Amino acid sequence: MSQKNCYHCGLPIPAEVELAVSIDELPRAMCCIGCQAVTQAIVDNGLADYYRNRDALPDSPREALPGILEGLKLYDHVDFQKSFVRVLGEDEREASLIIEGITCSACIWLNEQHVARLPGVIGVEINFATRRARVRWDERQIKLSDILAAIVAIGYRAYPYDAAKSEQLAHKERRSALWRVFVAGFGMMQVMMYAVPIYIAGEGDMAPDIELLLRWASMLLTLPVVLYSAAPFFRGAWRDLRLRRVGMDVPVALGVGAAFAASVWATLTASGEVYFDSVTMFVFFLLGGRFLEMTARQRAVSVTEALAKLLPALAARVAGYPQDRSLEQVMAAELHPGDVVLVKPGETIPADGQVIEGVSCANESLLTGESAPVAKSPGSVVTGGAVNVESPLFVKVEQVGEATRLSAIIRLMERAAMEKPHIVEIADRIAGRFILALIVVAAAVAVAWWFIDPAKALWITVSVLVVTCPCALSLATPIALTVASGAMARAGLLVTHSHAIETLARATHFVFDKTGTLTTGKMKLLDVLPLSEFNREACLALAAAIEHSSEHPIGAALREAAAGAGLPVLGGVMNEPGSGMEALHQDRSVRIGRPDYVAALHRQSLPESAHSFLASSDTVIALGNDAGWLALFRFGDEIRPEAAAMVARLRADGRHVVLLTGDAAPVALKVAQALGIDDVEAGISPQGKHDYVCRLQAGGAIVAMVGDGVNDAPVLAQAQVSVAMGGGSQLARTQADLILLSENLDHLCRGFFVARRSLRVIRQNLVWSFVYNFVALPLAMLGFITPWMAGIGMSGSSLLVVLNSLRLQKVSES
């Protein structure tokens, strides 16, 4: 049975997909939800003539969809943009696209420079490994269709990003590349069959007419290799030259074109040497190397693609929970906050929410890197994309679409992938200048050999052009960083800024916050000491009311301890980061937080009865108003079980470990002694933390700050590289360069060693690229490298860089 194609985009429809849209009262098959939604929007808005006009064309241009849509302005339609465009401001928009036709880093540079120059475009970043683009623009100055038309104008195609569509395009790219490799390989074998008799025949052993016949046969067999297999090289070179720049394809196209043209002339004139065998051979090797490189690249970005495909397409919504439990199958994208869904064992949770019935476990390994299933019961928070393992769960939906934790993780990974670290920009600049120098050197070599030995001038020049093309140099850093980011994500450490891996590997000082970082952050109220006419319950209720909206673990512990109690009405609640909170209660100012912060309100000393309470090694906070002290609260917190081993391994590697906390000195020293940390700064404010890190940096330290909570946001921004715990506040996570999704400090340690190993791999790649080019170039100039050897050398050097980078996929500490 033949495979059906999508009526909208023309791509094959997967066997398990059964989607359709009625157009002119006829059901039309669709390949994915995205195409279904777009097609329905087109029909609903009275634009079905698009399909009638398209199908009336003698050759259906479905593969040129962006151009057609540009003509009809469908890309500017709000309904069309819902699945891939984010609204950032009143007029600012951001689109997630995938670009087809990119073959090297020079293509990335060309697209970025071309689109960035368009009036109204605010920013554009393209990732080489994923071919993903992020474009931001001002709707008042330019439309999305104009941006896509500009991309089409320079010979590329842009599609709205969709995980399923991306996979189909990747499959199409692999299939096309494989066919080109096959044609080149078949042509090479056949041409070699005709070339070998000429090579082994002695002088006078072969008649001139037979030799000419073999030349003609070789030329005819080389034609499809040059016109079809090598076509991407020529298209890329022509595009670069038309735009007055030099890319990676230019020297290859010059080499292939010159050798083939000279061979054709020699065949037509029955004189000189022919190089059909060399042409077919190095086209085959170049394409083979690119195919293996492409396969490795697609494998390297599998983590991001896997995350994008985690959410299921369908969900079982409970119509009238809890009375009516009838189920209806709905699209997961149609769920709304407040809906109740049933998740059976083995099914994927369709959205973020809270368990309201059932007891089970969820596998969150792809989200957090934690392989052990996490227990879930009524009240537990569940994340969309996790897999329910044991028993059915009824889940109340709280976040859907772009608001889910999975979407946030994907956006942060994309942001990191789009950014270019300084080391990548340097390598790209060197590669661009190297190509210009290479062409100049090749021209000089051609002139020199024309006077030395004209018979060798052509093939030596071709060898120089091909063998030293700096593809390996341009791949050396981005492919290693992409693989390292994937490896760290699988370990539960999410990279959100591109410079994070390099800086983490160079970090000399690891500075840790205490609460929620080295400790679990699950504070428990141990004791309350009333210091006024207010009794224990009244003090607790007042404290819980002030901390009602706080994200700090102490606030959560107070609310838990006061659960069920009536909370007083407050006004003017204010937060003083690192110190505490203040509010108005019965026309009096009330503070809760560090004792010195509370004392500043009423200027009174603590009574003698409070001194023993303060002397404990637990966390103590105070409550007071402008008339005096009201109460003291004592909290306990557990040290994370893996923290001591992590500190020991960092210190064994020569890193300085520092504990920086706003807690009192006895509490901080107790934790530091348990973990083996010598450098401790206790009772320090957020500004004090910031100043401490600045002093370290002034002394030449490269600081990695690991923290959690609103209080840590300023110091996270100051550190050269920052890590936020996955459960921390949204502000802290926004500031951080890395996010420890699993909240397991052992994963942070593993991520550090992966970062160090990735830096070694990048150095190895760069050293290999430079050594290869500086060795290969003089050998080619002296005539020791033939064109087919040049093809093997160029593709082999690029492939070696990719394979060396793929070693990072194995997360280890070596």
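Cut-offs used in this document
- Residues numbered from 1 in each chain as written.
- Predicted model: local features only at pLDDT ≥ 70, side-chain atom pairs only at ≥ 80, totals over all residues.
- Heavy atoms only, no water.
- Helix = DSSP H or I, 4+ residues; strand = E, 2+ residues; numbered from the N terminus.
- Buried < 20%, exposed > 50% of the residue type's maximum accessible area, 1.4 Å probe, protein only.
- Contact = heavy atoms within 4.5 Å.
- Areas by Shrake-Rupley, 256 points an atom, 1.4 Å probe, with all protein chains shown as cover.
- Pairing = 2+ DSSP bridges.
- pLDDT = per-residue confidence, 0-100.
- Phe/Tyr/Trp six-rings, centres within 6.5 Å; stacked < 30°, edge-to-face > 60°.
- Patch = residues over 30% accessible without salt bridge, like charges linked within 9 Å, V, L, I, M, F, W, Y side chains within 5 Å.
- Salt bridge = Lys/Arg side-chain N within 4 Å of Asp/Glu carboxyl O.
- Axes fitted to C-alpha atoms, helices over the stretch in contact; angles between N-to-C directions.
- Core = buried A, V, L, I, M, F, W, Y, C linked by side-chain atoms within 4.5 Å.
- Right-handed = clockwise from strand over helix to strand, strands pointing away.
- Polar contact = N/O pair within 3.5 Å; in protein donor to acceptor, adjacent residues only side chain to side chain.
- Parallel < 35°, antiparallel > 145°, perpendicular 65-115°, else oblique.
- Left-handed = near helix turned anticlockwise from the far one by under 90°.
- Nonpolar A, V, L, I, M, F, W, Y, C, P; charged D, E, K, R; others polar.

Peer 1: Explanation requested: the overall build of the chain in the structure shown.
Peer 2: From N to C terminus, the chain includes 31 helices and 29 strands. Counting across all 814 residues of the chain, residues that qualify as buried make up 53%. At a minimum sequence separation of 6, the contacts of the chain that also span at least 24 residues come to 68%. Per element, the accessible surface of the chain, about 35,200 Å² overall, is 58% carbon and sulfur.

Peer 1: Where do I start with the sheet that holds strand S13 (residues 374–376) in this structure?
Peer 2: Strand pairing in a sheet is mediated by backbone hydrogen bonds. Such pairs are either parallel or antiparallel. Pairing is antiparallel in the open sheet, where three strands are placed in the order S13-S12-S15. The open sheet has two free edges, formed respectively by S13 and strand S15 (387–388), since each of these has just one partner strand. Bridge count between strand S12 (residues 360–363) and S13: three bridges; the pairing is antiparallel. Of the residues in S13, the one forming a bridge with Ala362 is Val374.

Peer 1: Is there a simple way to think about the environment of Ala599 in this case?
Peer 2: Mapped onto the fold, Ala599 is located in helix H23 (residues 595–602). Taking C-alpha positions, Ala599 is 9.0 Å from Asp626, a pair spaced 27 residues apart along the chain. In this structure, Ala599 is in contact with Gln604 and Trp629, ignoring residues within four places of it in sequence.

Peer 1: What exactly am I supposed to notice about the confidence of the model for the chain here?
Peer 2: The predicted structure's coordinates, where accompanied by low pLDDT, should not be read in detail. Counting all residues, the mean pLDDT for the chain is 79, and 84% of those residues have values of 70 or more. Here residues 57–72 is modelled with pLDDT under 50, and outside its nearest four sequence neighbours on either side it reaches 30 contacts, counting other chains as well.

Peer 1: Quick question: what am I supposed to make of the packing of aromatic side chains here?
Peer 2: Centre distance and the angle of the planes are the two values used to describe a pair of aromatic rings. Under the defined criterion, the tally for this structure stands at eight aromatic pairs. Their ring planes at 90 degrees and their centres at 5.7 Å tell us that Trp179 and Phe182 sit as a pair that is edge-to-face. Here the residue Trp179 and the residue Phe182 both occupy positions in helix H7 (residues 163–200), the gap between them amounting to three residues, near one helical turn. Between Tyr321 and Phe394 the ring centres are 5.4 Å apart and the planes differ by 35 degrees, which places this aromatic pair in the tilted class.

Peer 1: Hey, could you run me through H23 in this one?
Peer 2: Spacing of three or four residues puts side chains on the same side of an α-helix, whose turn is 3.6 residues. Along H23, the positions that sit buried rather than exposed are Tyr597, Val598, Ala599, Leu601 and His602. Buried-residue contacts for H23 involve strand S20 (571–576), strand S21 (580–585), strand S22 (588–593), strand S23 (619–625) and strand S24 (628–636). Directly beyond the C-terminal end of H23, a positive phi value near 60 degrees is found at Arg603.

Peer 1: Looking at this structure, I do not really get a nonpolar patch on the surface. What am I missing?
Peer 2: A contiguous nonpolar patch, built from Val767, Val771, Val775, Leu779, Leu782 and Phe784 and spanning about 560 Å² of accessible area, is present on the exposed surface. Here Val771 is to be found in helix H30 (residues 745–781).

Peer 1: Is there a simple way to explain the sheet that holds S20 in this structure?
Peer 2: Strand order in the open sheet formed by six strands is S19-S24-S23-S22-S21-S20, and the pairing between neighbours is antiparallel. Of all the strands in the sheet, the pair left with one neighbour each is strand S19 (524–530) and S20. Mean inter-strand twist for the sheet, computed between neighbouring axes without regard to direction, equals 15 degrees. Bridge analysis of S19 against S24 gives six bridges, and the strand direction is antiparallel.

Peer 1: I would appreciate a short explanation of the nonpolar core in the present structure.
Peer 2: Across soluble globular proteins, nonpolar side chains have a tendency to be buried as a group. Formed by 53 residues in total, the largest nonpolar core has its most connected members in Leu504, Phe512, Leu518, Met646, Leu738 and Leu748. Per element, the largest residue contribution to this core is eleven residues, and it comes from H30. Ignoring any residue separated from it by four or fewer positions in sequence, one finds Leu748 in contact with Leu493, Phe512, Met646, Val706, Val723 and Leu740. Within the second largest apolar cluster, 44 residues are counted, among which are Ala177, Val226, Val279 and Met794.

Peer 1: How do you make sense of unusual backbone geometry when you look at a structure like this?
Peer 2: Backbone geometry follows two general trends: most residues other than glycine have a negative phi, and most peptide bonds adopt the trans configuration. Backbone geometry at Asp587 places phi at a positive 65 degrees, although glycine is not the residue there. Backbone geometry at Arg603 places phi at a positive 60 degrees, although glycine is not the residue there. You can see Arg603 is positioned in the loop between H23 and helix H24 (611–614).

Peer 1: I tried to follow the pairing of strand S25 (residues 656–660) on my own but got confused; where do I start?
Peer 2: On any regular strand, side chains alternate: one points to one face of the sheet, the next to the other face. Of all five residues in S25, four are buried, a share of seventy percent or more. Where S25 and strand S26 (residues 679–681) come together, three bridges link them in parallel fashion. Pairing of Val658 across the sheet is with Asp679, part of S26. Taking the sense of rotation as the criterion, the β-α-β connection linking S25, helix H26 (residues 665–675) and S26 turns out right-handed.

Peer 1: What is the right way to look at the side chain of Thr519 in this model?
Peer 2: Among the secondary structure elements, Thr519 is positioned in the loop between helix H20 (514–518) and S19. A distance of 2.3 Å separates the side chain of Thr519 from the side chain of Asp637, its partner in a polar contact. Once you skip the residues sitting within four places of it in the chain, Thr519 turns out to touch Lys514, Asp637, Glu638, Ile639 and Arg640.

Peer 1: Got a minute to help me understand the pattern of salt bridges in this structure?
Peer 2: Where charged atoms of side chains with opposite charge meet at close range, the side chains can pair. Considering all chains together, one arrives at 21 salt bridges under this definition. One salt bridge connects Asp91 with Arg140, and the closest N-O pair in it is separated by 3.4 Å. Remark: Arg140 occurs in the loop between strand S6 (132–138) and helix H6 (144–153) and Asp91 occurs in the loop between strand S3 (85–87) and strand S4 (92–100); sequence separation between them is 49 residues. Here Asp91 falls in the partly exposed class, since its relative accessible area comes to 22%. Across the pair Asp596 and Arg594 runs a salt bridge, and its minimum N-O distance is 3.2 Å. The network of salt bridges with shared partners includes Arg86, Glu94, Glu125, Arg134 and Arg136.

Peer 1: When you look at the packing of helix H10 (residues 249–269) against helix H16 (residues 454–467) in this model, what are you seeing that I'm missing?
Peer 2: Two quantities define a packed helix pair, namely the angle between the helix axes and the distance between the axes. Relative to each other, H10 and H16 sit at 160 degrees, their axes nearing to 8 Å. It follows that H10 is roughly antiparallel to H16 by the angle criterion. Regarding H10 and H16, the two cross each other, and that crossing is left-handed. Across the interface between the two elements, Pro251, Leu254, Gly255, Ala258, Ala259 and Ala262 from H10 touch Leu458, Val462 and Leu465 from H16. In the contact of H10 with H16, the residues fall into eight nonpolar, one polar and no charged.

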